[in-house]
Amino acid sequence: MNKQKYLNVEMRVMFNVPVSEDFDIDELSEEELKELATDYFFNHNGYDTADYCDFEFDI
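Residues numbered from 1 in each chain as written. Predicted model: local features only at pLDDT ≥ 70, side-chain atom pairs only at ≥ 80, totals over all residues. Heavy atoms only, no water.

Undergrad: Account for the environment of asparagine 2, naming residues and giving values.
TA: Of note, asparagine 2 is situated in the segment before β1 (8-14). For asparagine 2, a relative accessible area of 78% translates into the label exposed. As for asparagine 2 and arginine 12, which are separated by ten residues in sequence, their C-alpha atoms are 32 Å apart. (Helix = DSSP H or I, 4+ residues; strand = E, 2+ residues; numbered from the N terminus. Buried < 20%, exposed > 50% of the residue type's maximum accessible area, 1.4 Å probe, protein only.)

Set out below in structure tokens:
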């Protein structure tokens with residue numbers, strides 16, 4: 001019986017999240033900032049403008 005193999009990939013990306021002029025980074029927690037970035041990346045096409053910097057592979 002064949003076992004499934006996986007290729008684990010860790011990516012480092014950099015992208016700009018558009019924010020309003022009155023945006024204050026100090027008002028948000030680190031978790032809220034992560035949620036904001038994740039939402040933009042996956043739901044608002046942030047992946048289209050991202051710079052894909054580093055890849056690490058583990059087989």
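Undergrad: Describe in detail the packing of aromatic side chains, supporting the description with residues and values.
TA: Evaluated as defined, the whole model comprises five aromatic pairs. Three or more aromatic residues link up through ring pairs in this structure, and these residues are Phe15, Tyr40, Phe41, Phe42 and Tyr47. (Phe/Tyr/Trp six-rings, centres within 6.5 Å; stacked < 30°, edge-to-face > 60°.)

Undergrad: So what's going on with a nonpolar patch on the surface? Residues and values would help.
TA: A surface patch of nonpolar side chains, about 710 Å² in accessible area, is lined by Leu7, Val9, Met11, Tyr47, Tyr52, Phe55 and Phe57. Of all the secondary-structure elements, those providing two or more residues to the nonpolar patch are β1 and β2 (51-58). The element contributing the most residues to the nonpolar patch is β2, with three residues. Structurally, tyrosine 47 is set in helix α2 (residues 46-49). (Patch = residues over 30% accessible without salt bridge, like charges linked within 9 Å, V, L, I, M, F, W, Y side chains within 5 Å. Areas by Shrake-Rupley, 256 points an atom, 1.4 Å probe, with all protein chains shown as cover. Salt bridge = Lys/Arg side-chain N within 4 Å of Asp/Glu carboxyl O.)

Undergrad: Account for unusual backbone geometry, naming residues and giving values.
TA: Positive phi is not limited to glycine here, since asparagine 45 has a value of about 60 degrees. Residue placement: asparagine 45 occurs in the loop between α1 (30-43) and α2.

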